[in-house]
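Residue-level listing of the chains:
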Amino acid sequence: MAKVALLIGVSEYEPGLNPLPSAVRDVEAVYEVLLHPEMGGFAASDITLLKNPERQVVEIAIETLFSGRHKDDLLLLYFSGHGIKDDRGRLYLATRNTSKTQQGELIRSTSVSANFIHDRMSESRCRRQVVILDSCFSGAFAEGMSAKDDGTIDIRKELGGEGRAVLTSSTSTQYSFEQEGQDLSIYTRFLIEGIKSGEADHDGDEFISIDELHEYASQKVRELQPAMKPEIYAIREGFKIRLAKVAPGDPRQRYRKEVARFHRGEISFVGRRTLDVLRTRLGLETTEAKAIEDEVLEPYRKQFREKLQQYQQVFAELLERDETITDGDRHDLQNLQQILGLRNEDTMPIEALVTARFKTHQQNLQTYQQAFTTALRQEFPLSGASRDRLRQTQQQLELADRDIAAIESQITAEVEAYHQKLQEYERLFFTATQQEYPLSEATRNDLRQQQQRLGLTDVDVAPIEAQITTQIESYHQKLQQYEQAFVKATQRQHYPDDVTRKQLQQTWQTLGLSQGDVGAIERRINAEIEAYQANLRQYEQEFTEAVGQEYPLSAFKRSQLTQRHQALNLTAENVTAIENPIIAAIDEHRQKLQQYEEVFRESIQFEYPLSDVTREELRHFQQILELSDDEIVQMEAQEVEQKTQVFKSANTVKSEVPQTPDMTISISETAEKPKSSATNDVQPPSTSPIRSTSQDAGWITKWITKWITNLIVFVFWVVLIHNAGHSRDWLIQYAVDLWNHIHGETPANVYPGKCSPRSSC
């Protein structure tokens, strides 16, 4: 009878499959146990150890294991690595070169199928066949563990058969794990422990059968990792296949077996004394015994701690749901305590600790709630600095994110609703101030009703109203500032020019004023300017009419005008500015009339009626003085009338002196003929050859007067002729003619010379 084993461990894989560092260590540990003569009893030549082999090597080794064997041989196939399935649900054992397509599908030719193993086992004559698969078929993870692989497979259908036993680390829907910090996988570690310690020998026959080894390993695994459920699949005598035996005479194994009786992980007072006696009898050192106790009891202690943690978690969740523990809750807790195998002395400290922590936790939650509420009241939304301060508070209170999430969510919703109400009131208050400012009592009452509707207090709305009021006051001050600038520029009397307009535009833009508000100010002041300008025009019109009626004005008329400009709200400066130009224009016009009157008077003294040349020169002088024809006609008529009266008086005085016919003046004829008819004008009287003494005196006086007048006319004609462009010689000739005429050396009808200044000689 031969005992042959094939141990396969694959820890290195192609991309797509996670590496399993413990797989190679698993086969090395199993190899050591099987090779031990007092435990496994396998010969070294009968154990094949494959580390990270390729598919073909594995298949050859499997076929070698099961072919050419005898019926009573014991064959063991151990595999630690990934177990995977294809899209049809068939099981494959992964090798080092197992790979997948880009779509994640298994490349079957790179792995060993379960069907291949089943066929080789079925072809073998051996009836004691053991297969141990430390692999899994799902990808879930647990705390502190890492899953190997996933999948679902029917192990009994794939590998089951008569005289066979198949041990798996988990069912097709459960998990197999590597435990972090351990050299071996969980399942393999307890398989080896059961053999080495002899604890798997439940019936005490010094042999460890497959069912005993499975029961021991399964119990240990479930105590350490409840999610795992190792399974055994065996037919007939497959359960009782003896895989190993207990090493006799090992004091450590005997001590280990005694320690294993304390399933709770705690050694009682009597148990402590019993172990001390046994340790002395077996000759074990205290440190060695302590190491055995820790190794054996640690799973039980861990299981006990996990049970306590389960109870603690349930009790804490119950307190979080309702701070008061009802009778029904207490009954449920007692049932849980019995199921977990816990005593009252185990659960009472837990409940006291959880209750104290719960109260402290609630207080911390309230503290954080107050801090968060205060922060939101001060600013919303929160700034980065405020968030950092709240995180520090959270860390100091030892609160998790899930603890504060509900608090922040609830308070944030409340604060958002509160701020929405504040924003609505702010909008209402702002709209009211835009319509009227300051607010009337009626508007105030409406705002109070809106405040009550929104559920806001005076303290809530006071900052809003203060802020808006301050902004409005500031804006109104800027409006007043601009109004002052506009008044200063216009003095409420005249419209601004283009330069001033640009300066005012820069002013209101700098102040940040709206164009509509600026327009309202300017329209109001422009209306005042328009009224002022209208009053100025009204007074100017009335003053013009007054001086047109009489000039200079009488005291009575001046009094009326004073009352009038006071009624029009005009100042003395305004009146002076209006009157002075008008008076100056009147005086200037009167001076022009006087100038023309003097020239005309002197002209008719030398010749009458006037010649066409003289009439033309007078007309040119009129144009230079800018006098109208109506004014000239009236003035000339008056002068002619005065001259006629003088002639009549002179004729009366000199009635005894015979007059020549050509000296008579026909007044009616002069009045009837127009000024432009120089040929029909009445001639001035000539000097009589017979004079009396009185007549000589009068003649001398007239001659001097005539000489002076002609001198003035001469100067006037010189200016006119010079402006007309005549030469100096012509002017000299004209002066000689004028001198001869004054001294009577030329006839009167020759005046002012045979060649007039505007005619050609």
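Each chain has its residues counted from 1, following the order in which its sequence is written. Local features in this predicted model are restricted to residues of pLDDT 70 or higher, and side-chain atom pairs are both shown and tallied only at a pLDDT of 80 or more, whereas totals for entire chains, interfaces and linings draw on every residue. Hydrogen atoms and water are omitted, and side-chain values are computed over all heavy atoms in the structure.

Chemist: Would you mind showing me how to read the sheet that holds strand E12 (residues 231-234) here?
Modeler: Through backbone hydrogen bonds, the strands of a sheet pair up, either in parallel or in antiparallel fashion. When DSSP finds at least two bridges between two strands, those strands are taken to pair. Helix and strand definitions here come from DSSP, where helices need a minimum of 4 consecutive H or I residues and strands a minimum of 2 consecutive E residues; each element is numbered from the N-terminal end. Judged by pairing direction, the sheet is mixed, and its 6 strands sit side by side in the order E2-E1-E3-E7-E9-E12 without closing on themselves. Looking along the sheet, the strands with just one partner apiece sit at the ends: strand E2 (47-51) and E12. Each strand axis lies, on average, 10° off the axis of its neighbour in the sheet, ignoring direction. Whether two residues are in contact is decided by their heavy atoms: any pair within 4.5 Å suffices. Orientation is described by axes fitted as lines to C-alpha atoms, over the contacting stretch for helices, and by angles from 0 to 180 degrees between their N-to-C directions. Across the sheet, helix H2 (residues 55-66) lies against strand E1 (3-9), E2, strand E3 (74-80) and strand E7 (128-134), angled at about 165° from E1, the strand it touches most. Seen against the sheet, helix H3 (residues 114-123) touches E3, E7 and strand E9 (164-168) and runs at an angle of roughly 155° to E9.

Chemist: What exactly am I supposed to notice about the pattern of salt bridges here?
Modeler: A side chain of one charge can pair with a side chain of the opposite charge when the charged atoms of the two come close. Any carboxyl oxygen of Asp or Glu that lies within 4 Å of a side-chain nitrogen of Lys or Arg is treated as forming a salt bridge with it. The final tally for this structure, using the stated rule, is 30 salt bridges. A salt bridge links Glu-123 to Arg-120; its shortest N-O distance comes to 2.7 Å. Taken together, the positions of Glu-123 and Arg-120, both in helix H3 and 3 residues apart, correspond to about one turn of that helix. Each residue's exposure class comes from its accessible area (1.4 Å probe, protein chains only) as a fraction of the maximum for that residue type: buried when under 20%, exposed when over 50%, partly exposed otherwise. The exposed category is assigned to Glu-123, whose relative accessible area is 57%. By sharing partners, the salt bridges in this structure join Arg-272, Asp-276 and Glu-293 into a single network.

Chemist: Sorry, what's going on with the side chain of Ser-603 here?
Modeler: By the element assignment, Ser-603 lies in helix H19 (residues 572-606). Taking the relative accessible area as the measure of exposure, Ser-603 reaches 5% and is therefore buried. Reaching out from Ser-603, the side chain makes a polar contact with the backbone oxygen of Val-599 at a distance of 2.7 Å. Residue contacts for Ser-603: discarding those within four places in its chain leaves Leu-610, Thr-614 and Leu-618. The term polar contact refers here to a pair of N or O atoms within 3.5 Å; inside protein, the definition further demands a hydrogen-donor-capable atom paired with an acceptor-capable atom, and it admits residues adjacent in sequence only when both atoms are side-chain atoms.

Chemist: Would you take a moment to explain the nonpolar core for this structure?
Modeler: Nonpolar side chains in soluble globular proteins generally cluster together in the buried interior. The biggest cluster of nonpolar side chains holds 40 residues, and the ones touching the most others in it are Leu-7, Leu-34, Ile-132 and Ile-210. Here Leu-34 is in contact with Ala-5, Leu-7, Gly-40, Gly-41, Phe-42, Ile-47 and Leu-76, once residues within four sequence places are set aside. With 31 residues, the next largest nonpolar core counts Leu-17, Leu-50, Ile-62 and Leu-133 among its residues. Residues grouped as a nonpolar core are buried Ala, Val, Leu, Ile, Met, Phe, Trp, Tyr and Cys residues, joined through side-chain atoms within 4.5 Å.

Chemist: It is not clear to me how unusual backbone geometry should be interpreted in this structure. Could you clarify?
Modeler: Of all residues except glycine, most have a negative phi; of all peptide bonds, most are trans. A cis amide bond links Tyr-437 to the next residue, Pro-438, at an omega of 0°. Examined against the element boundaries, Pro-438 turns out to sit in the loop between helix H13 (401-435) and helix H14 (441-454). Here the bond from Tyr-551 into Pro-552 is cis, since omega is 0°, no more than 30 degrees from zero. Along the chain, the position of Pro-552 falls in the loop between helix H17 (515-549) and helix H18 (555-567). Phi is positive for Glu-398, which is not a glycine, with a value near 55°. Since its relative accessible area comes to 69%, Glu-398 is described here as exposed. Unusually for a residue other than glycine, Gln-491 sits at a positive phi of about 55°. Looking at the secondary structure, you find Gln-491 in the loop between helix H15 (458-490) and helix H16 (498-511).

Chemist: Just checking my understanding: could you explain the pairing of E2 for this structure?
Modeler: Successive residues of a regular strand alternate their side chains across the two faces of the sheet. Pairing of E1 with E2, which is carried by 5 bridges, proceeds in the parallel orientation. Looking across to E2, one finds that Ile-8 is bridged to Leu-50. Whether a crossover is right-handed depends on one test, that the path from the first strand over the helix to the second runs clockwise when the strands point away from the viewer. Taken together, E1, helix H1 (residues 21-35) and E2 constitute a β-α-β crossover, and its handedness is right-handed.

Chemist: Even after reading the chapter, I still don't get helix H12 (residues 384-396), so can you show me in this structure?
Modeler: Owing to its 3.6 residues per turn, the α-helix brings residues three or four apart onto one side. What a helix should span is 1.5 Å times the count of its residues minus one. An ideal rise of 1.5 Å per residue puts 18 Å on 13 residues; H12 measures up with 19 Å between its terminal C-alpha atoms. Within H12 the residues assigned to the buried category are Ser-386, Leu-390 and Gln-394. Taken around the axis of H12, the buried residues stretch over an arc of 80°, which confines them to a single face. With respect to the buried face of H12, the exposed residues turned more than 90 degrees away are Gln-395 and Gln-396. Lining the buried residues of H12 we find helix H11 (344-378) and H13. Once H12 finishes, Glu-398 follows within two positions and takes phi at roughly 55°, a positive value. By definition, the arc is the one covered by directions from the helix axis to the C-beta atoms.

Chemist: Please clarify how the environment of Phe-430 should be interpreted in this entry.
Modeler: In this structure, Phe-430 sits in helix H13. Its relative accessible area of 40% is what places Phe-430 among the partly exposed residues. Sequence separation of Phe-430 and Ile-464 is 34 residues, and the distance between their C-alpha atoms is 9.4 Å.

Chemist: Looking at this structure, how should I read the packing of H15 against H16?
Modeler: Describing two packed helices takes the angle between their axes plus the distance from one axis to the other. Remark: H15 packs on H16, axes separated minimally by 10 Å, with the N-to-C direction vectors making an angle of 170°. By the angle class used here, H15 and H16 are roughly antiparallel. Across from Lys-478, Gln-481, Tyr-482, Ala-485, Phe-486 and Ala-489 in H15, the residues of H16 making contact are Thr-500, Arg-501, Leu-504, Thr-507, Trp-508 and Leu-511. Only Asp, Glu, Lys and Arg are considered charged, only Ala, Val, Leu, Ile, Met, Phe, Trp, Tyr, Cys and Pro nonpolar, and every remaining residue, Gly among them, polar. A class-by-class count of the residues in the contact of H15 with H16 yields 7 nonpolar, 3 polar and 2 charged. Angle categories: roughly parallel below 35 degrees, roughly antiparallel above 145, roughly perpendicular from 65 to 115, and oblique for all the rest.

Chemist: Even after reading the chapter, I still don't get the side chain of His-565, so can you show me in this structure?
Modeler: Mapped onto the elements, His-565 comes out in helix H18. Using a relative accessible area of 12% as the deciding quantity, one classes His-565 as buried. The residues touching His-565, leaving out its near neighbours within four places in the chain, are Tyr-539, Leu-570, Thr-571 and Val-575.

Chemist: What is the right way to look at the environment of Leu-479 in this model?
Modeler: By the secondary structure assignment, Leu-479 is in helix H15. Put simply, Leu-479 and Leu-513 are 34 residues apart on the chain and 7.3 Å apart in space, counted from C-alpha to C-alpha.

Chemist: I tried to follow the confidence of the model for the protein on my own but got confused; where do I start?
Modeler: Should the pLDDT be low somewhere, the predicted coordinates at that spot are not to be read in detail. Per residue, pLDDT captures the predictor's confidence, and it can take any value from 0 to 100. Chain-level pLDDT for the protein is 80 on average; 80% of the residues reach the 70-or-more range. Low pLDDT, under 50, characterises residues 138-152; the predicted model gives this stretch 59 contacts beyond four residues in sequence or across chains. A low-confidence stretch, residues 745-761 stays under pLDDT 50, and its non-local contacts, those more than four residues away or across chains, total 35 contacts.

Chemist: What exactly am I supposed to notice about the sheet that holds strand E6 (residues 111-113) here?
Modeler: Spatial ordering of the open sheet is given by E4-E5-E6, a layout of 3 strands whose pairing is antiparallel. Two strands lie at the open edges of the sheet, namely strand E4 (83-85) and E6, each paired on one side alone. The average angle at which neighbouring strand axes cross in this sheet is 40°, direction not considered. By the bridge criterion, 3 bridges tie E4 to strand E5 (residues 91-94) in an arrangement that is antiparallel. Within E5, the position partnered with Gly-83 by the bridge is Leu-93.

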